[in-house]
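A look at the structure
One letter stands for each residue in the lines below.
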Amino acid sequence: MIRALFIFNFICLFGTGVWAQQIQRYVVGNVGNTNSTGNVTVSWTIGETAIGAFANSLQLNQGFHQGETAEIVTNNCRTTDSLALVDLYNATAGWNWTNSWNFNQPINTWYGVILNANGCVQQIGLGGSGNNLTGTLPSSIGDFAEIEVLNLDNNNISGSIPSEFGNLTTLRQTTLVANNLTGAIPASMGNLTNLETCTLGQNTFSADPIPAALLSLPNLRLFWVDFSLIDSLPPFSPNANASINVPNNYLTFDDILNGTSQTLANFNATNQAKVYR
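Residues numbered from 1 in each chain as written. Predicted model: local features only at pLDDT ≥ 70, side-chain atom pairs only at ≥ 80, totals over all residues. Heavy atoms only, no water.

A few points about the pairing of strand E6 (residues 121–125)
With three bridges connecting them, strand E5 (residues 113–115) and E6 associate as antiparallel partners. Across the sheet, residue Val113 finds its bridge partner in E6, namely Ile124. (Pairing = 2+ DSSP bridges. Helix = DSSP H or I, 4+ residues; strand = E, 2+ residues; numbered from the N terminus.)

Things to note about the sheet that holds strand E7 (residues 134–136)
Judged by pairing direction, the sheet is parallel, and its three strands sit side by side in the order E7-E9-E11 without closing on themselves. With one partner strand each, in any of the chains shown, E7 and strand E11 (180–181) form the two edges of the open sheet.

Observations regarding the sheet that holds strand E12 (residues 197–199)
Spatial ordering of the open sheet is given by E5-E6-E8-E10-E12-E13-E14-E15, a layout of eight strands whose pairing is mixed. Looking at which strands have only one partner, the edges of the open sheet turn out to be E5 and strand E15 (266–268). Geometrically, the sheet is characterised by an average inter-axis angle of 10 degrees between neighbouring strands, direction not taken into account. (Axes fitted to C-alpha atoms, helices over the stretch in contact; angles between N-to-C directions.)

Thoughts on the state of the cysteines
In the structure shown here, the tally under the stated rule is one disulfide. Between the sulfur atoms of Cys77 and its disulfide mate Cys120 the distance is 1.9 Å. What sets the handedness of the Cys77 and Cys120 disulfide is the S-S torsion sign, and at about -95 degrees it is left-handed. Of this pair, Cys77 sits in helix H1 (residues 77–91) while Cys120 sits in the loop between E5 and E6, placing them 43 residues apart in sequence. A residue is classified by how much of its surface remains accessible, and Cys77, at 19% relative accessible area, is buried. Overall, Cys120 belongs to the buried group, its relative accessible area being 1%. (Disulfide = S-S within 2.5 Å. Buried < 20%, exposed > 50% of the residue type's maximum accessible area, 1.4 Å probe, protein only.)

Side note on the pairing of strand E9 (residues 156–159)
Bridge count for E7 against E9 is three bridges, and the pairing is parallel. Residue pairing across strands places Thr134 opposite Asn156, the latter belonging to E9.

A short note on H1
Here H1 spans 21 Å end to end across 15 residues, near enough to the 21 Å set by a 1.5 Å rise per residue. Counting buried positions over the 15 residues of H1 gives 12, a clear majority of the element. Turning to H1, its buried residues number three or more, namely Cys77, Thr79, Asp81, Ser82, Leu83, Ala84, Leu85, Val86, Asp87, Leu88, Tyr89 and Asn90. Positive backbone phi, approximately 55 degrees, marks Ala93, located one or two places after H1. (Expected span 1.5 Å × (residues − 1).)

Concerning the side chain of Asn239
Along the chain, the position of Asn239 falls in the loop between strand E13 (222–224) and strand E14 (243–245). The exposure class of Asn239 is buried, given its relative accessible area of 14%. A distance of 3.0 Å separates the side chain of Asn239 from the backbone oxygen of Leu217, its partner in a polar contact. At a separation of 3.1 Å, a polar atom in the side chain of Asn239 contacts the main-chain amide nitrogen of Ala242. Discounting chain neighbours no more than four positions away, the residues touching Asn239 are Leu217, Pro218, Asn219, Leu220, Arg221 and Leu264. (Polar contact = N/O pair within 3.5 Å; in protein donor to acceptor, adjacent residues only side chain to side chain. Contact = heavy atoms within 4.5 Å.)

Looking at unusual backbone geometry
One non-glycine residue, Ala93, lies in the positive phi region at around 55 degrees. Structurally, Ala93 is set in the loop between H1 and E5. The class of Ala93 is buried, set by a relative accessible area of 13%. Unlike most non-glycine residues, Ala178 shows phi in positive territory, near 60 degrees. Tracing the sequence through the fold places Ala178 in the loop between strand E10 (173–175) and E11. Of the residues examined, Ala178 reaches a relative accessible area of 19% and is grouped as buried.

Written out as structure tokens, the structure reads:
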């Protein structure tokens with residue numbers, strides 16, 4: 001038996017369009033006698049719970065109506081990435097984005113999404129001048145197995161950065177500047193060994209220290225978090241080329257003058273509220 005994922009009106013599922021604000025995630029199991037392409041003939045009714053089983057005839061016996069052609073996507077990056085994109089859309093009110101996604105079109109036409117040669121999500125760029133993302137980051141933000149760039153700056157994202165963010169081990173660049181993020185910067189971000197640029201400023205993170213492992217990443221070139229509530233720096237071992245920037249926070253002289261920061265050619269901790277007020 002092949003366990004396959006069926007995503008409503010998604011990844012080569014064309015025909016009916018999107019009637020509801022939220023795009024539903026559908027899982028179809030118990031697929032039997034699937035041919036090499038995994039194609040079956042099914043259709044659906046908007047609003048139905050589309051969970052059913054395929055009979056040996058490859059016809060879905062519940063949850064759909066006949067008449068539409070769909071492609072069953074097996075377990076690969078496209079499947080996982082697609083579900084994660086739907087989660088991001090739902091969690092941040094994608095129907096109200098400045099530039100939304102047309103689910104009748106292929107993923108590589110969606111605003112801000114770039115795929116690599118494997119068909120996996122390589123870049124998500126929904127920031128820059130902002131795209132009106134409003135809501136929280138879903139835990140599945142960590143499911144993009146080959147992503148290199150994730151830019152979500154200048155939006156209205158609230159809540160904390162999920163610990164699953166640390167699963168993005170191929171990530172090279174991320175900016176979450178100018179949102180409404182709270183809570184601690186997760187320690188799991190210290191797992192991002194390919195990370196080169198990380199900018200998180202203009203949020204309201206808690207006073208928890210920035211994870212030492214994040215500041216000590218071997219490929220880190222630029223780290224910036226300003227105008228947040230950061231009030232301490234842990235001992236960390238930066239690489240020689242790192243530029244660590246933590247201005248306009250609540251650091252003390254002990255943080256600013258600690259031995260680690262003095263080993264950096266580029267360390268910026270100006271205008272601390274505790275020091276200058």
